[in-house]
Amino acid sequence: MQTFFCGAACCWCLLAHHAMSCSIGKSVGGAELWVLEISDTPGVRDAKPHFKYVGNMHGNEPSGRMLLPQLAEWLCSNYESNDTAQRLVDGLHTHLLVTMNPDGFAARKRENGNNVDLNRNFPDPIELRSTEKMKQPLPNAQPETVAMMKWTLETPFVASANLHEGAIVANYPFDGYPDHSEKLTGQRNPAPDDKAFQFFAKLYAKKHAYMAASKEYPDGITNGAQWYPVYGGMQDWNYLAAECMAITLELSEAKWRPEPHLPLLWQENREALLALPLAAALGGEAAAGLAMLWLPVRLVVLLGHALAGRSIDAAAANLCAAFWQGWQLASC
C-alpha cells in the first residue's frame, strides 16, 4: 500500500503537483495508515472543502482497497481531459484512506490486531452527551481509532464516506437510539440534518449502477438505527464530534468478490464515487432549504446546531453570524 501511494503521489507531482501522501498513524501491528490527498494545493490549508473516503475499516470488507486507488488513478488519467476530474482536483481536497485496518485485512477477519471491532470503538454520542468528551479517545481506544480521531479533528472535513460490504445500500445517521436500545424496531432516528443526509445517501444510490433500484431498501438508502442499532460507531462520531457529515456505503453483498469481478465493482461505483465529494463540497440541495446559496456543508451543520440551541464554539458562532448578516443584506 505504501508503494502504491508513493507511486501515485510521485505521478501527480511529476504531472502537476496535485497530490501528496502521508501516514496518519500505525495499526496495532505497526503498519502505516497511509492517506493520499488529491488537490491542486495538497497539504495547504485554504478555503477549499476537505472530503474523505475511508476503506477497509473491517478487515474482511476490502472493497476500498481496490476502489480508492482506482479512483485516484482515474483522476490522474483524466485530469487533462475531463471536467469532473478537474473540478474534483482543483475545487477541493479529497483524502483517500485505503485501509484503516491493515492487520484485519492480513488476517482476513473483521476486527483489528487486538480483536476489536473498530466500528464499535469510538466515543458514543448517546452515552457521553458532551462534544468535548467525544473528542477524547476511550480508555480501550485502539491505535487505528486514535489515529482516525486525531486526523479527523485536525482536518476541517465537511463530509466523509466509509466503505463497507455485506449489503448494497447507503446508510445515514443516526445509528442508534436515545435509550441505547439494541432492539430491531425498524424505527428511524433522524439527525437534525436528516434532509441533507438523505440527499447525500440518495445521490450516491442514484449514481450507483443499481443501488437505488433496491427492493429491500427504498431508494437504496436506510437510516442506521432503522436498519440495526450501532453504538460506538464512526459515523455518528464524525457528525457530532467533528461536525463532518458522514454516511456509510455498503457496496457488495459478497465481502470477498472474486478478482475477475473487481473491474465490474469499479464500474458500478465510479459515477457515485465522483459525485459525492462534489455534492458535499457545494452543500446538499436538500440541506435546510439553502440549496440556492451552495453553502459548504460545515456551515449547514453549524447553522443546524445553532438553530437547535446546541452549543458551538466562538469561531463557529462568528461564522454563523457572518452568514446571517450576509443573508439579511441579500434579502433587502
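All figures in this text were calculated on a predicted structure; none of them were measured in a lab.

Colleague: Honestly, the overall build of the protein in this entry has me stumped. Any pointers?
Modeller: Of regular secondary structure, the protein possesses 13 helices and 8 strands. Taking the contacts inside the protein whose residues are at least 6 apart along the sequence as the reference set, 73% of them involve residues at least 24 apart. For the protein, the accessible area works out to roughly 14400 Å², and carbon and sulfur atoms hold 55% of it.

Colleague: Please explain the side chain of Glu 144 as it appears in this structure.
Modeller: Positionally, Glu 144 belongs in helix H7 (residues 143-154). For the buried Glu 144, no salt bridge exists, and the shortest N-O distance to an oppositely charged side chain is 9.6 Å, to Lys 109. Beyond its immediate sequence surroundings of up to four residues, Glu 144 is in contact with Lys 26, Ser 27, Val 28, Leu 33, Met 100, Asp 103, Asn 112 and Leu 118.

Colleague: Hey, could you run me through the nonpolar core in this one?
Modeller: For soluble globular proteins, nonpolar side chains are generally found buried alongside one another. By size, the foremost hydrophobic cluster in this structure holds 75 residues, and its most contacted members are Tyr 53, Leu 97, Met 100, Tyr 204 and Leu 249. Broken down by element, the residue count for this core peaks at 11 residues, all from helix H11 (residues 262-282).

Colleague: Would you take a moment to explain the packing of helix H2 (residues 63-78) against H11 for this structure?
Modeller: For any two helices packed against each other, one specifies the crossing angle of their axes together with the interaxial distance. At a minimum axis separation of 10 Å, H2 and H11 run at an interaxial angle of 60°. Considered as vectors, H2 and H11 are oriented oblique to each other. Handedness of the H2/H11 crossing: right-handed. Each of Ser 63, Met 66, Leu 67, Gln 70, Leu 71, Trp 74 and Leu 75 in H2 lies in contact with H11, whose residues at this interface are Leu 262, Leu 265, Trp 266, Asn 269, Arg 270, Leu 273 and Leu 274. By residue class, the composition of the contact of H2 with H11 is 10 nonpolar, 3 polar and 1 charged.

Colleague: Sorry if this is basic, but what is going on with the packing of H7 against helix H10 (residues 234-242) here?
Modeller: The geometry of H7 relative to H10 is characterised by a closest axis approach of 11 Å and an angle of 35° between their N-to-C directions. Note that H7 runs across H10; the crossing there is right-handed. Contacts between H7 and H10 involve Met 148, Met 149, Thr 152 and Leu 153 on the former and, on the latter, Met 234, Trp 237, Asn 238, Ala 241 and Ala 242. Its residues assigned to classes, the contact of H7 with H10 comprises 7 nonpolar, 2 polar and no charged.

Colleague: When you look at the packing of aromatic side chains in this model, what are you seeing that I'm missing?
Modeller: Describing an aromatic ring pair means giving the distance of the ring centres and the angle of the ring planes. Taken as a whole and assessed by the stated rule, the structure comprises 9 aromatic pairs. Between Phe 174 and Tyr 239, the ring centres sit 5.9 Å apart and the planes meet at 55°, which makes this aromatic pair tilted. In this pair, Phe 174 is assigned in the loop between strand E6 (167-172) and helix H8 (194-207) and Tyr 239 in helix H10, connecting sequence segments 65 residues apart. You can call Tyr 239 buried: its relative accessible area is 0%. Among the aromatic residues, those joined into a cluster by ring pairs are Phe 174, Phe 197 and Tyr 239. The cationic tip of Arg 65 hangs over the ring face of Phe 105; the distance from NZ or CZ to the ring centre is 3.6 Å.

Colleague: Explain the pairing of strand E3 (residues 50-54) here, please?
Modeller: Regular strands have side chains that alternate between both faces of the sheet. E3 sits mainly inside the fold: 5 of its 5 residues count as buried. Here E3 shows two buried faces, one formed by His 50, Lys 52 and Val 54 and the other by Phe 51 and Tyr 53. As judged from the 5 bridges shared by E3 and strand E5 (residues 157-164), these two strands associate in the parallel manner. Its bridge partner being in E5, Lys 52 is matched across the sheet by Ser 160.

Colleague: Would you mind going over the sheet that holds strand E2 (residues 32-38) with me for this structure?
Modeller: By way of backbone hydrogen bonds, the strands of a sheet pair with one another, either parallel or antiparallel. The strand order across the open sheet formed by 8 strands is E1-E2-E4-E3-E5-E8-E6-E7, and the pairing between neighbours is mixed. The sheet is open, and its two edges are formed by strand E1 (19-26) and strand E7 (221-223), each paired on a single side. Sheet twist, expressed as the average angle between the axes of neighbouring strands with direction ignored, equals 25°. In terms of strand pairing, E6 meets E7 through 3 bridges, oriented parallel. Bridged to Ala 170 within E7 is Ile 221. Along the sheet face, H2 touches E2, E3, strand E4 (93-97), E5 and strand E8 (245-252) and points at about 130° away from the line of E5. The sheet strands contacting H11 are E3, E5 and E8, and the helix crosses E3 at an angle near 150°.

Colleague: I keep staring at the pairing of E4 and nothing clicks. Help me out?
Modeller: Most of E4 is tucked away, with 5 of its 5 residues classed as buried. Because side chains alternate across E4, one face comprises the buried residues His 93, His 95 and Leu 97, and the other comprises Thr 94 and Leu 96, equally buried. As judged from the 5 bridges shared by E3 and E4, these two strands associate in the parallel manner. Directly across from Phe 51, in E4, lies its bridge partner Thr 94.

What counts, and at which threshold
Residues numbered from 1 in each chain as written. Predicted model: local features only at pLDDT ≥ 70, side-chain atom pairs only at ≥ 80, totals over all residues. Heavy atoms only, no water. Helix = DSSP H or I, 4+ residues; strand = E, 2+ residues; numbered from the N terminus. Contact = heavy atoms within 4.5 Å. Areas by Shrake-Rupley, 256 points an atom, 1.4 Å probe, with all protein chains shown as cover. Buried < 20%, exposed > 50% of the residue type's maximum accessible area, 1.4 Å probe, protein only. Lys, Arg positive; Asp, Glu negative; His and termini not counted. Salt bridge = Lys/Arg side-chain N within 4 Å of Asp/Glu carboxyl O. Core = buried A, V, L, I, M, F, W, Y, C linked by side-chain atoms within 4.5 Å. Axes fitted to C-alpha atoms, helices over the stretch in contact; angles between N-to-C directions. Parallel < 35°, antiparallel > 145°, perpendicular 65-115°, else oblique. Left-handed = near helix turned anticlockwise from the far one by under 90°. Nonpolar A, V, L, I, M, F, W, Y, C, P; charged D, E, K, R; others polar. Phe/Tyr/Trp six-rings, centres within 6.5 Å; stacked < 30°, edge-to-face > 60°. Lys NZ or Arg CZ within 6 Å of the ring centre and 35° of its normal. Pairing = 2+ DSSP bridges.

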